[in-house]
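Okay, here's what each chain looks like letter by letter:
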Amino acid sequence: MREIDVTRTHDSASRAFPKEAAPMIEMRQVEKFYGPFHALKGIDFSVTKGEKIVLCGPSGSGKSTLIRCINHLEPIASGEIVVAGHRLSDSQDAVDAVRREVGMVFQQFNLFPHKTVLENCILAPMRVRKLSRAEAEETARKYLERVRIGDQAAKYPAQLSGGQQQRVAIARALCMEPKAMLFDEPTSALDPEMVKEVLDTMVSLARDGMTMICVTHEMGFARQVADRVIFMADGEIVEENAPDAFFSNPRHERSRAFLGEILAHH
Amino acid sequence: MTLDFSVVADAWKSLLFGALGTLFLAFSGMVIAMVVGVTGVVILRMQMRIPSLLVTLFVEIIRNTPFLVQIFFLFFALPLAGVRLNPTVTAILALGLNGGAYAIEIIRGGVESIPKGQTEAGLALGLHKHEVFRLIVLIPALRAIYPSLASQFILLTLTTAICTSISAYELTSVGQRIEAETFRSFEVYFTLTSIYLVISLVTMWLLAALGRWAFSYPQR
Ligand SMILES: Nc1ncnc2c1ncn2[C@@H]1O[C@H](COP(=O)(O)OP(=O)(O)OP(=O)(O)O)[C@@H](O)[C@H]1O
Ligand SMILES: [Mg+2]
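Residues numbered from 1 in each chain as written. Chains lettered and ligands numbered in written order. Predicted model: local features only at pLDDT ≥ 70, side-chain atom pairs only at ≥ 80, totals over all residues. Heavy atoms only, no water.

Trainee: Before we go on, may I ask you to explain the confidence of the model for chain B in this structure?
Mentor: Segments scoring low in pLDDT should not have their predicted coordinates read at a detailed level. Residue and element names in this part refer to chain B. Averaged over all residues, the pLDDT of chain B equals 95, while 100% of them reach at least 70. The secondary-structure element of chain B with the lowest mean pLDDT is helix 1 (residues 6-10), recorded at 84, while helix 6 (residues 116-124) shows the highest, at 98. Complex prediction metrics read pTM 0.90 and ipTM 0.90. (pLDDT = per-residue confidence, 0-100. Helix = DSSP H or I, 4+ residues; strand = E, 2+ residues; numbered from the N terminus.)

Listed below in structure tokens is the structure:
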């Protein structure tokens with residue numbers, strides 16, 4: 001297991017739940033099928049504003065599917081998803097409204113290879129948020145600075161390391177000023193020496209109060225920033241627990257088996 | 001047999017204009033082929049039954065019939081439909097449609113080679129499907145298949161010779177006229193061969209330069 005070093009002491013206030021009751025992301029009885037395959041079974045959970053969730057579970061358990069349903073990269077069969085007050089449906093307006101509020105970071109970075117770092121960051125703000133080029137560039141520079149990559153703005157993705165590319169991908173999502181961020185194994189495709197720079201960026205984002213759902217097996221990260229760990233298996237949420245409790249005393253047999261496996265591999 | 005290239009030399013002006021005519025047909029044909037190619041792929045991607053079927057039908061008809069027949073068909077069919085075009089315009093249209101059918105197949109392959117993650121990243125940022133295609137997928141897709149597209153366009157350049165059949169203005173028709181006037185068949189066709197070779201090489205070079213310019217971003 002990889003521990004990321006904590007330079008700042010943990011600020012417990014940043015973990016506290018905010019007063020307002022309305023959840024940022026809510027899933028109710030969500031069912032998802034791929035053909036006959038039942039990928040999500042009655043998923044029910046909600047994330048309040050500022051909360052950080054780590055989603056883990058064995059391969060094929062439906063983690064990616066779950067977060068991809070939140071921004072409608074995958075349509076659902078039944079159930080309900082509400083994001084920042086917008087109820088998701090198959091209508092383009094509903095999908096637009098939800099995507100406007102959530103950013104997503106992928107395992108494979110998915111930067112656009114024919115656009116520079118800066119162009120990657122201003123494309124959607126100009127098209128979707130209708131910012132002027134000057135406004136979009138200002139926002140982009142702010143977030144590139146924030147992920148400590150401001151000096152690479154004129155480069156193309158292929159000229160950057162994996163860690164740098166993933167930080168650009170995070171900045172690109174932040175440029176839309178989302179209310180929540182979804183991460184799908186953001187460090188899994190990285191060489192080990194680059195994992196830390198990306199995790200540090202995510203930790204600092206968490207500290208600034210971003211609502212986050214992270215699919216990750218970085219248990220150090222989970223312990224450090226997660227308010228809750230959600231463990232999935234076979235398309236179901238098996239266990240939901242505070243990170244310390246989840247790691248030291250998992251309630252379910254499957255969680256224990258999974259943790260045993262993770263520990264054996266790190 | 002004595003060779004006499006002086007008749008060819010005397011006709012250098014006609015040959016030069018013929019060559020320019022060929023280049024004009026070729027490059028106009030390429031532009032139309034490009035438009036047809038991208039439009040065809042866009043229509044296929046909309047995944048609507050009838051339009052997709054029509055595009056597929058068009059591609060299959062073009063790819064499974066001779067160009068000579070296609071160009072005669074256009075030349076005689078258009079007037080029946082009340083459209084009168086001069087032979088050169090008809091030739092450009094035929095070249096563009098023919099090249100376009102092949103371009104559809106090639107460009108579609110390029111689009112399919114782009115990882116799904118690119119589209120998903122665009123959609124997740126709130127872009128619409130058509131924006132994702134135009135702004136994110138198209139350029140890398142064209143880059144991926146540019147060598148195939150360029151060789152298809154070289155083929156199109158050489159195919160212009162067939163346009164002599166409807167008396168479009170191009171190099172082969174000019175050569176045939178000189179031959180008819182001078183009876184110097186070998187000298188004329190030797191010269192035409194050399195000029196086509198130069199045209200091909202120049203076109204190849206121009207397309208390569210265009211590719212380097214359009215796809216100048218670094219790729220891993
Ligand atoms: N597009 C698809 N078509 C059919 N089946 C799919 C599709 N995407 C995912 N699945 C199946 O759904 C199940 C859940 O997949 P998902 O990618 O959500 O798992 P995961 O928990 O993210 O796994 P991993 O840790 O390997 O990324 C798997 O059994 C997978 O084979
Ligand atoms: Mg996954």
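Trainee: Help me understand helix 2 (residues 92-101) of chain A, please; the structure alone is not making it clear to me.
Mentor: Quick reminder: α-helices carry 3.6 residues per turn. Residues three or four places apart thus point the same way. By the burial criterion, the buried members of helix 2 of chain A are A94, V95, V98, R99 and E101 of chain A. Mapping the buried residues of helix 2 of chain A onto a view down its axis gives an arc of 160°, with all of them on the same face. Packed against the buried residues of helix 2 of chain A are helix 1 (63-70), strand 4 (78-83), strand 5 (86-87), strand 6 (102-105) and strand 7 (180-184) of chain A together with helix 6 of chain B. (Buried < 20%, exposed > 50% of the residue type's maximum accessible area, 1.4 Å probe, protein only. Arc of directions from axis to C-beta. Contact = heavy atoms within 4.5 Å.)

Trainee: Where do I start with the sheet that holds strand 8 (residues 211-215) of chain A in this structure?
Mentor: By definition, the strands of a sheet pair up through backbone hydrogen bonds, in either a parallel or an antiparallel sense. Residues and elements named next belong to chain A. The mixed open sheet is built from 6 strands, whose spatial order is 6-7-8-3-9-10. Bordering the open sheet on either side are strand 6 and strand 10 (236-241), each of which pairs with just one other strand. Taking the axes of each pair of neighbouring strands and ignoring which way they run, one obtains an average angle of 20° across the sheet. Where strand 3 (residues 52-56) lies against strand 9 (residues 228-233), 4 bridges are found, and the strand directions are parallel. What sits directly across from V54, in strand 9, is V229. Contacting strand 3, strand 6, strand 7, strand 8 and strand 9, helix 1 crosses the sheet at an angle of about 150° to strand 7. Across the sheet, helix 5 (residues 162-174) is in contact with strand 6 and strand 7; its angle to strand 6 comes to roughly 170°. (Pairing = 2+ DSSP bridges. Axes fitted to C-alpha atoms, helices over the stretch in contact; angles between N-to-C directions.)

Trainee: Whenever I open this one, the side chain of N120 of chain A confuses me. Can you help?
Mentor: Residues and elements named next belong to chain A. Within the secondary structure layout, N120 lies in helix 3 (residues 117-127). A distance of 2.8 Å separates a polar side-chain atom of N120 from the backbone nitrogen of F112. In terms of polar contacts, N120 uses its side chain to reach the backbone carbonyl oxygen of K115, at 3.0 Å. Non-local contacts of N120, meaning those with residues more than four positions away in its chain, are made with L111, F112, K115, P157 and R172. (Polar contact = N/O pair within 3.5 Å; in protein donor to acceptor, adjacent residues only side chain to side chain.)

Trainee: How should I be thinking about the site of ligand 1 in this particular structure?
Mentor: Residue and element names in this part refer to chain A. With respect to spatial proximity, the complete set of residues near ligand 1 consists of Y34, F37, P58, S59, G60, S61, G62, K63, S64, T65 and E185. A distance of 2.8 Å is found between an oxygen atom of ligand 1 and a backbone nitrogen or oxygen belonging to G60. In the environment of ligand 1, an oxygen atom lies 3.3 Å from a nitrogen or oxygen atom belonging to the side chain of E185. Its free accessible area being 630 Å², ligand 1 has 59% of it covered by the protein chains. For the shell around ligand 1, the leading source of residues is helix 1, giving 3 residues. Tallied by class, the residues present in the shell around ligand 1 amount to 3 nonpolar, 6 polar and 2 charged. (Near = heavy atom within 4 Å. Areas by Shrake-Rupley, 256 points an atom, 1.4 Å probe, with all protein chains shown as cover. Nonpolar A, V, L, I, M, F, W, Y, C, P; charged D, E, K, R; others polar.)

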